[in-house]
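One-letter residues, chain by chain:
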Amino acid sequence: MTEIVQDNYVITLDYTLIVDDEVLESTADGEPIEFIQGIGQIIPGLEQALYGLKVGEKKTVVIQPEDAYGDYDPESLEVARKEEFSEEIPLDIGTFLDLRDDEGEVLSAQITVADEDTVTLDFNHPLAGKVLTFEVTVSGLRPASEEEQQHGHVH
Ligand code: ZN
């Protein structure tokens, strides 16, 4: 019997992620990823598209924002005064900052505008609003052990 991608299997996946006709990430430059299928370890649109694939099988998957990192929310921008930040932090456009909100939760933001006194912080995920194209190849498949299933990650 040929095994296929199904829930509670450890999947080894090679992928290339293409956004706006540009390769953003590729496991060809490193190691494939490993995850347990069916428990939301990867974005929903990609997980859904893998069911039924066999080892060695390739697939191109196009994922809309709602099944990936969500829509871009123009409300998720904040202007902050540069003097609120420690001087060691470089406040350049493109810099990612981890900030703590009032509840102590860490939020990641990217500086998208910087002028003399202020910076604009964008709290959207960098891939929010983007259509993602994944070229995937399943390079390995095995049932997750009971311990892996309990822990919710691959050992
Ligand atoms: Zn563990």
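Residues numbered from 1 in each chain as written. Predicted model: local features only at pLDDT ≥ 70, side-chain atom pairs only at ≥ 80, totals over all residues. Heavy atoms only, no water.

Peer 1: Mind showing me how you'd approach the coordination of the zinc ion here?
Peer 2: Tetrahedral coordination by four donors sets the ideal angle at the metal to 109.5 degrees; octahedral coordination by six donors sets it to 90 or 180 degrees. Distances from the zinc ion to its protein donors, His151 (ND1), His153 (NE2) and His155 (NE2), fall at 1.9 to 2.3 Å. For His153, a relative accessible area of 36% translates into the label partly exposed. You can call His155 partly exposed: its relative accessible area is 48%. (Donors = N, O, S within 2.8 Å, 3.2 Å for Na, K, Ca; no water. Buried < 20%, exposed > 50% of the residue type's maximum accessible area, 1.4 Å probe, protein only.)

Peer 1: Quick question: what am I supposed to make of the domain arrangement of the protein chain here?
Peer 2: Frequently, the measure chosen for interface size is the accessible area removed from exposure when the parts meet. Domain boundaries in the protein chain define domain 1 (9-69 + 128-151) and domain 2 (74-122). Centre-to-centre, using C-alpha coordinates, domain 1 lies 31 Å away from domain 2. (Domains from an automatic or database assignment.)

Peer 1: Mind showing me how you'd approach the pattern of salt bridges here?
Peer 2: Oppositely charged side chains can pair when the atoms bearing their charge come close. In total, this model carries three salt bridges according to the counting rule given. Between Glu83 and Arg81 there is a salt bridge, with its nearest N and O atoms 3.4 Å apart. Looking at Glu83, the relative accessible area reads 64%, which means it is exposed. For Arg81, a relative accessible area of 38% translates into the label partly exposed. (Salt bridge = Lys/Arg side-chain N within 4 Å of Asp/Glu carboxyl O.)

Peer 1: What should I look at first to understand the sheet that holds strand S7 (residues 106-114) in this one?
Peer 2: Note on sheets: strands pair through backbone hydrogen bonds, and any given pair is parallel or antiparallel. Read from one edge to the other, the open sheet built from four strands follows the order S5-S8-S7-S6, with strand pairing classed as antiparallel. Strand pairing shows two members of the sheet lacking a second neighbour, strand S5 (77-81) and strand S6 (96-100), which therefore form its edges. Recorded for the sheet is a direction-independent mean angle of 40 degrees between the axes of neighbouring strands. (Pairing = 2+ DSSP bridges. Helix = DSSP H or I, 4+ residues; strand = E, 2+ residues; numbered from the N terminus. Axes fitted to C-alpha atoms, helices over the stretch in contact; angles between N-to-C directions.)

Peer 1: Could you clarify how one ought to interpret a negative patch on the surface in this entry?
Peer 2: A cluster of like negative charges, contributed by Glu66, Asp67, Asp71, Asp73 and Glu75, occupies part of the molecular surface. Within the secondary structure, Asp71 sits in the loop between strand S4 (58-63) and S5. The exposure class assigned to Asp71 is exposed, which follows from its relative accessible area of 57%. (Patch = residues over 30% accessible without salt bridge, like charges linked within 9 Å, V, L, I, M, F, W, Y side chains within 5 Å. Areas by Shrake-Rupley, 256 points an atom, 1.4 Å probe, with all protein chains shown as cover. Lys, Arg positive; Asp, Glu negative; His and termini not counted. Charge placed at Lys NZ, Arg CZ, Asp CG, Glu CD.)

Peer 1: What am I meant to see in unusual backbone geometry here?
Peer 2: Excluding glycine, residues mostly have negative phi values, and the peptide bonds linking residues are mostly trans. The phi angle at Asn8 is positive, at roughly 65 degrees, despite the residue not being glycine. Relative to the assigned elements, Asn8 resides in the segment before strand S1 (9-19).

Peer 1: Would you mind going over the pairing of S1 with me for this structure?
Peer 2: On a regular strand, one side chain projects to one face of the sheet and the next to the other, so that they alternate. By the criterion of burial, S1 is predominantly enclosed, with ten of the eleven residues buried. Across ten bridges, S1 lies against strand S9 (residues 132-143) in antiparallel orientation. For Thr16, the partnering residue across the bridge sits in S9 and is Glu135. As paired strands, S1 and strand S2 (residues 22-26) are joined by four bridges and run antiparallel to one another. If you follow Thr16 over to S2, its bridge partner there is Ser26. What sits between the antiparallel neighbours S1 and S2 is a turn of two residues, in which Asp20 has the positive phi angle 50 degrees.

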